[in-house]
Amino acid sequence: MGTLTGSFKGFGVTFAHMFRKVITTDYPFSPPKPAPRYHGRHILNRHPDGLEKCIGCELCAWACPADAIYVEGGDNTDEQRFSPGERYAKIYQINYARCIFCGLCIEACPTRSLTMSNEYELARDNRQDLIFTKKELLAPLLPGMELPPHPMRLGETDKDYYIGALTNPGTSVGAERAPWSDAGSHDASEPQESADRPETAGTVRKEGAPR
Amino acid sequence: MTDVAKRADTVTLTIDGVEVTAEKGELVIRVAERMGIAIPRFCDHPLLAPAGACRQCLVEVEGQRKPVASCTQTVAEGMVVKTQLSSPVAAKAQAGIMELLLVNHPLDCPTCDKGGECPLQNQAMSSGRADSRFHEHKREYEKPIHISSQVLLDRERCILCQRCTRFSEEIAGDKFIDLMDRSSGEQINVYRDDFFGGEGTGDGQAGDGEGDVPFNSYFSGNTIQICPVGALTGEQYRFRARPFDLVSTPSACEHCAAGCSQRTDHRRNKVLRRLAGDDPAVNEEWNCDKGRWGFRYANATDRLTTPLVRDADSGELREASWSEALLAAAEGLKAARERGVGVLPGGRLTVEDAYAYAKFARAVLGTNDIDFRARPLRASGTPASSTEEADFLAASVAGTSEVTYADVENAPSVVIVGLEPEEECPILFLRLRKGHVKRKLKVTAVAPYLSRGFEKLGAALVAAVPGDEARLLNTDAAIAGALSAPGALLIVGERLATVPGGLSAAADLAARSGARLAWVPRRAGDRGALDAGCLPNLLPGGRPVTDAAARAELSLAWRIESGVLPSSPGRDTDRIIAAAADGTLGALLVGGVDPADLADPRLAEEALDAVPFLVSLEVRQSAVTRRADVVLPIAPVVEKAGTYMDWEGRLRSFVAVLPGAAMTDGRVLEAIAALLDVPSNHPAAAQKTTKGFSLNTGDVMAIRRELGGMPASSAPRPAHPSTAPADLPRPGEHEAVLATWHQLIDLGSLLDGDPVLAGTARPPVVRLGKDLAEELGVVDGDLVTVGTGRGTVTLPASITDLPPRVVWLPTNSPGSTVRRSLGVTAGAVVKLTAGVPGPILAEGASR
């Protein structure tokens, strides 16, 4: 008797799941949306005029417990200005083979230049590509932004960028979230047309690959 | 315990409840430090006079109404001191001072170079309040301002501790920066017209106003190192790295014979900065700007990385494998061994590498034609048969270590000949100045004029026309008087070699007066090369080549058959060059020698062209490598271990800073020697179980063991030379006798690749006396042309108090390459014209 009721009990779990919401994700065709504060890949933000917020201070590298960040500072000049003030990051690299996504770097950042996005598709097929440089990390230019180097547009000195900076929220709009994550209001149970999904660096499809 | 006789010069006091005995006059902060109690401080520096400027070191002293600054308070009998560790009053006072120091501090630590190694940062954490009660706008200044091409001043960060101004005034004697203005506007700055009602630019940038004086000190880098905040930073290291990602290695400076200990910081296989090391016996805590910033040459783009061999078909140098290049070098040297091979190792070698050259020349090439001296050895026109300097070095310098920095500081009187200490041995200058300031050291300079360095030493001048030094040393009463005091020193520079009879007179004077003699060369490797035997008349350890017992000693130590070592003195640099030029020599083996440093660069280059086979061991491409048949790349100083010997005879060992595959000179020479056959009396060689002789210079430790295991020379010291002074030349109208020496920062090849450092060089001028200025009709700043039959040098005039008919030029500065352009050295007669070269001189230049 015990065997019979036991079997039904076991099947009961199985049958109950048939009526629950599906948790299997249809990745990569409809990738799941992470929590809003999910620690994904980093972004180097910009001021509203397009200048970089990063001043190359290396505090992120100092804070990093995995030694994943490498920064070399450089001198801003009036002819070649990348950030307000004297100093900018000439080289900025994050090695995603080492990063443990702890977020200590963004806590250390004194200018809120470094933040984290929700993007989690960071697999690459070689180690070299896992080292992200400024090219990959800098936030995209939004309307009104100008590609540095260019002079300071928001004030005479760097203090105008920092003192009373409440009027300068800075921006990583459009970058703080992975490109598809805001659009992805769907959940995994609803199949999504793969063609609707913007491509990210991690999901660039090869030509002719089956969809 | 009370029975122990109490010394009259000590007192007993209590610090934090612990009884301690201290010397009378000692500062409370030092006594506490000795006990292991760290009192926070900014302005206090053990080598600078107490100032009490920052007030951070407040402690409570029982019986005193208010907390006192422990950096200015001397100890007293029965004093009871409570530091922040045991006294809430002291702790509160320190926190209050820190709060006040931070009122105007910008807290821009993220962009500040000092961040991470900043005493203000650290002590704000350890002794400051968690928050500030001052929320007003901070004082703002233009930031940063260049006070020299190398040093940047950020006045917002400055806490007015005055370490920089005190260093500049007390130690270097270059009072270029000072406190300016009053009250809350008080600031450190250089002297600018703005401050004296002039027409400055007002933006704070120095150097724009007419009367602005930039911070042109050879020791300016030290102010950056001792600045306790980030107010003074250096252009070269600016924003390059953080202390946490630098790897520090103790090192020794390769620039001059002062022998400074240094700290070299590198990151990712690139040296980013060098700091003065702390060696109380040598450089104390200072170094000069050349040593601090002159390291970029090793990263130059013309660095050699692979061996080069001259292609037999095309006649061009082409890259080759090590085995091919070594074989080519060995075959060429073997073929030339019969005719003779000259060895010019240069003066920049470590003791170990110099020893390798000395051993290679003697044991493998069988020649004494080796000379480390890459500079004029004698006055222009003196016969090459004169071996005065080599004899002097053998008699009075090799193997000695008689005079030290401490002796210099404590001497009652010093006579300096043939040396401008600030330009040619800056740390010796600092020590002389310390003796002058603290112990009233009397300095007597035998020189054409009182240079800025001599003025800072308060030197008495014995004015000497170049070439006349020997006569003055023999006869001048002021010199004899200065050396009569017990403990007096006679310091001669390498330049005295160009005065006929100069070194003879110096050795004679030292013997007569009982004064001790010190010889100060200019390059870091000179003294080591001398003791390692890179001289035509000396074997390693100061053994004369003519002494049979000395040769036998070495044959035994080197395990070579007796009779291999040549017994007669070889050719010196000048004669090696001459013999190579006229085809006598079959080959030259050249180390780090720049032909432009030799007495006659043109002849040297002709010799390099003419010699049938030329092997060059170099770090970078040079005038020698371009002419060489085989070029073997060797390691720059940062990539090898070794030892320099400073002018005192003190060994300055260092380890490799950067890992690198580059080999030392010694290792390369060992590899060549392995391909050449040397008759050996090694017992194993007789049984043919081993190849026999090995140069055994591939490993630094092996060389040190070999040198350490060698017995002291038993050969008697040769007598010092007795060359008679020569007659002085008599310059006619529009002619003058040339005086010249190197400026510290000049066109030297170890200063390449650094425009920022070159910007701090003293502007080259031609110095001439009033008599010549009137004859030529020039005033300060007018162009004057100095010429010989070979060429001309045109520089702005600076009218200086010189002896009649003497003109001074910097030896190797921009616009003034005396040896190359004029082909003469000090003591020669040169022609003078006002303005740019006239037709006759210009013709000479184009010839």
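None of these values were measured; they are calculated from a predicted model. Sequence order as written defines the numbering, with residues in each chain counted from 1. Working convention: letters from A go to chains and numbers from 1 go to ligands, in the order in which they are written. With pLDDT at 70 or above as the cut-off, local features in this predicted model cover only qualifying residues; side-chain atom pairs require 80 or more to be listed or tallied, and sums for whole chains, interfaces and linings still use all residues. Note that water and hydrogens are dropped before the side-chain values are worked out from all heavy atoms of the structure.

Asker: I'd like to hear about the sheet that holds strand E3 (residues 58-61) of chain B, residue by residue, with values.
Answerer: Residue and element names in this part refer to chain B. Strand pairing requires that DSSP identify at least two bridges connecting the strands. Numbering of helices and strands starts at the N terminus; helices are DSSP runs of H or I of at least 4 residues and strands are runs of E of at least 2. Strand order across the open sheet formed by 5 strands is E2-E1-E5-E3-E4, with mixed pairing between neighbours. The open sheet is flanked by strand E2 (18-23) and strand E4 (68-69), the only strands paired with a single partner. By the bridge criterion, 2 bridges tie strand E1 (residues 10-15) to strand E5 (residues 80-82) in an arrangement that is parallel. By the bridge assignment, Thr14 is partnered in E5 with Val80. With respect to the sheet, helix H1 (residues 28-35) is in contact with E1, E2 and E5, its orientation differing from that of E2 by roughly 120 degrees. Packed on one face of the sheet, helix H2 (residues 88-101) meets E3 and E5 and runs near 155 degrees to E3. Note on contacts: a residue pair is in contact if any heavy atoms of the two residues lie within 4.5 Å. A fitted line through C-alpha atoms serves as each axis, taken over the contacting stretch for helices, and the angle formed by two N-to-C directions is quoted from 0 to 180°.

Asker: Which residues make up the domain arrangement of chain B, and what are the values?
Answerer: All names here are of chain B. Where each domain starts and ends follows an automatic or database-derived domain assignment. Assigned domains within chain B: domain 1 (3-101), domain 2 (145-296), domain 3 (308-375 + 527-674 + 700-709), domain 4 (388-521) and domain 5 (735-846). A separation of 29 Å is found between the C-alpha centroids of domain 1 and domain 2. Across the contact, 12 residues belong to domain 1 and 14 residues belong to domain 2. A combined buried area of about 1100 Å² lies between domain 1 and domain 2, and 62% of that area is made up of carbon and sulfur atoms. Buried area: the accessible area, evaluated with a 1.4 Å probe, that two parts lose upon being put together, summed over both parts. Sorting the residues of domain 1 by area buried against domain 2 places Phe42, Leu47 and Leu48 first, and these three jointly supply 47% of that buried surface. We define a salt bridge as a side-chain nitrogen of Lys or Arg found within 4 Å of a carboxyl oxygen belonging to Asp or Glu. Connecting domain 1 to domain 2 are 0 salt bridges. Each residue receives one of three labels: charged for Asp, Glu, Lys and Arg, nonpolar for Ala, Val, Leu, Ile, Met, Phe, Trp, Tyr, Cys and Pro, and polar for the others, Gly being one of them. Class assignment of the residues belonging to the side of domain 1 that touches domain 2 gives a composition of 10 nonpolar, 1 polar and 1 charged.

Asker: Quick one: what's the story with the UniProt feature "domain: 4Fe-4S Mo/W bis-MGD-type" (unreviewed entry) in chain B, residue by residue and with numbers?
Answerer: UniProt positions are given in the numbering used here, feature names are shortened, and annotations may be inferred rather than shown by experiment. As annotated by UniProt and renumbered to match this structure, "domain: 4Fe-4S Mo/W bis-MGD-type" (unreviewed entry) occupies residues 246-302 of chain B. Annotation note: span residues 246-302 of chain B, helix share 9%, strand share 35%, distance between end C-alpha atoms 26 Å.

Asker: Got a sec to walk through H1 of chain B? Specific residues and values, please.
Answerer: All names here are of chain B. Burial status follows relative accessibility: with a 1.4 Å probe on protein chains alone, a residue under 20% of its type maximum counts as buried, one over 50% as exposed, and anything between as partly exposed. Residues Val28, Ile29, Arg30, Val31 and Ala32 constitute the buried set of H1. In the core, the buried residues of H1 are packed alongside E1, E2 and E5. Residue Gly36 follows H1 closely and has a positive phi angle near 90 degrees.

Asker: Account for the interface of chain A and chain B, naming residues and giving values.
Answerer: Counting from both sides, the interface comprises 17 residues of chain A and, opposite them, 23 residues of chain B. When residues of chain A are sorted by the area they lose upon contact with chain B, Trp62, Glu86 and Arg87 of chain A head the list and together hold 39% of the total. Run the count over chain A and chain B and you get 6 salt bridges. One salt bridge connects Glu58 of chain A with Arg267 of chain B, and the closest N-O pair in it is separated by 3.3 Å. As used in this structure description, the phrase polar contact means that two N or O atoms lie within 3.5 Å; if the pair is within protein, one of them must be able to donate a hydrogen and the other to accept it, and residues adjacent in sequence are counted only when both atoms belong to side chains. Our enumeration of links across chain A and chain B arrives at 7 residue pairs in polar contact (both at pLDDT 80 or more). Of all elements in the fold, only helix H2 (59-63), strand E2 (69-75) and strand E3 (87-95) of chain A reach the threshold of two or more residues within the side of chain A that touches chain B. Sorting elements by how many residues they give to the side of chain A that touches chain B places E2 of chain A first, with 6 residues. In the side of chain A that touches chain B, the residues fall into 8 nonpolar, 3 polar and 6 charged.

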